[in-house]
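Overview (structure and organization)
Below, each chain spelled out in residue letters.
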Amino acid sequence: MEVAVVSGLSGAGRSTAAKCLEDLGWFVVDNLPPELIATMVELGAQARGAITKVAVVMDVRSRAFTDDLASVIKDLDARGYKPRVLFLEATDAVLVRRFEAVRRGHPMQGDGRLADGITAERKLLAPLREEADLVLDTSALSVHDLRAKIEDAFGSEASTQTRVTVLSFGYKYGLPMDSDLVMDVRFLPNPFWIPELREHTGLDGEVRNYVLSQEGAEEFLDRYHQLLRLIGAGYKREGKRYLTLAVGCTGGKHRSVAISEELAHRLSKEDGMAVKVVHRDLGRE
């Protein structure tokens, strides 16, 4: 069982950190009272492998926060869980700007000024900051930069892969609503008009060989593959971990199936990509 505690100054990026950890496969609990953290971890440990990574997001909404949390961290360490503590902070000027942008008050502001709340919180959290395993100053970080740093610290190789779904479909059944990119392979000759191929599908060798041997098919695959390398690298930098590529022909039976299988085969050789193929309309004719 891996355990992480995420804390830090209000407005420094805890919500972004929590979402990122969820995307990395962590079970994330927000604002759990410190005295319940050990119970939560024990329940996760008893889940027989269903939960292997627990992250608890803590902030000053939990009163008596620092003393309780420090004791809980020591207790977890004594039980062998060795929690990692991530502390997020930013400069006062940046925090003020962020609060003003969303027009919200600081949780420790009370009747005072926004700056008073930030100062009080920084003082309250100083002991926890000193004990943190990783301190990230988000003042100059974009959301994508912060995600990248958290992925480096808490992600496994599998969890940081771009998950690509190559989806074949037939235009006559409508466009897939969840596709990020759509390519039309109706420029290739249709095997439907070849009597000996009509009843076969793009999964069969005869159809596959026919489709891939057509003029322009190989060049199209080569160039589109290169383009997807560029797009995939950009998506990874932007923190996008899921990509659906839709490949369409008339009925979703011959050309789109064959091209999807070949494209998925090529993409599966790329580092940092986990690829699966779905044939939406295969079998509808």
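Look above for the structure.
What comes next is a walk through the structure. (Residues numbered from 1 in each chain as written. Predicted model: local features only at pLDDT ≥ 70, side-chain atom pairs only at ≥ 80, totals over all residues. Heavy atoms only, no water.)

**Let's talk about the sheet that holds strand β3 (residues 53-57)**
Pairing is parallel across the open sheet formed by five strands, whose spatial order is β2-β3-β1-β4-β5. With one partner strand each, in any of the chains shown, β2 (27-30) and β5 (134-137) form the two edges of the open sheet. For this sheet, the mean inter-axis angle between neighbouring strands, taken without regard to orientation, is 20°. When β2 meets β3, the two strands line up parallel, connected through four bridges. From the neighbouring strand, F27 faces β3, where its bridge partner is V54. This element, helix α1 (residues 14-23), spans β1 (2-8), β2, β3 and β4 (84-89) of the sheet and lies at about 160° to β1. Of the strands in this sheet, β1, β4 and β5 touch helix α5 (residues 114-131), which is tilted by about 150° from β4. (Pairing = 2+ DSSP bridges. Helix = DSSP H or I, 4+ residues; strand = E, 2+ residues; numbered from the N terminus. Axes fitted to C-alpha atoms, helices over the stretch in contact; angles between N-to-C directions. Contact = heavy atoms within 4.5 Å.)

**Side note on the environment of I73**
As for its placement among the helices and strands, I73 is situated in helix α3 (residues 65-78). I73 sits in the buried class, given a relative accessible area of 17%. Sequence spacing of I73 and V211 is 138 residues, and the spatial spacing of their C-alpha atoms is 61 Å. Discounting residues that sit within four places of it in the chain, I73 has contacts with P83, V85 and L128. (Buried < 20%, exposed > 50% of the residue type's maximum accessible area, 1.4 Å probe, protein only.)

**A few points about the packing of helix α4 (residues 92-102) against α5**
Closest axis-to-axis distance for the α4/α5 pair is 10 Å, and the angle between their directions is 125°. When the axes of α4 and α5 are compared, the pair comes out oblique. Considering the relative orientation of α4 and α5, their crossing is right-handed. Packed against α4, whose contacting residues are D92, L95, V96, F99 and E100, the element α5 presents L114, I118 and R122 at the interface. A per-class count over the contact of α4 with α5 returns five nonpolar, no polar and three charged. (Parallel < 35°, antiparallel > 145°, perpendicular 65-115°, else oblique. Left-handed = near helix turned anticlockwise from the far one by under 90°. Nonpolar A, V, L, I, M, F, W, Y, C, P; charged D, E, K, R; others polar.)

**Digging into the environment of H279**
Of note, H279 is situated in strand β9 (residues 273-279). H279 sits in the buried class, given a relative accessible area of 19%. Considering only alpha carbons, one finds H279 and E121, 158 residues apart in sequence, at a separation of 54 Å. Residues within four places of H279 in sequence aside, it is in contact with S168, L203, V257, S260 and E261. Here the side chain of H279 touches S168 through a polar contact of 2.8 Å, side chain to side chain. Within the structure, H279 has its side chain in polar contact with the side chain of E261 (distance 2.7 Å). (Polar contact = N/O pair within 3.5 Å; in protein donor to acceptor, adjacent residues only side chain to side chain.)

**Side note on the pairing of β1**
Burial analysis of β1 places six of its seven residues in the buried class, the great majority of the element. Of the strand pairs in this sheet, β1 and β3 are connected by five bridges, and their pairing is parallel. Across the sheet, the residue bridging to V5 is V56, located in β3.

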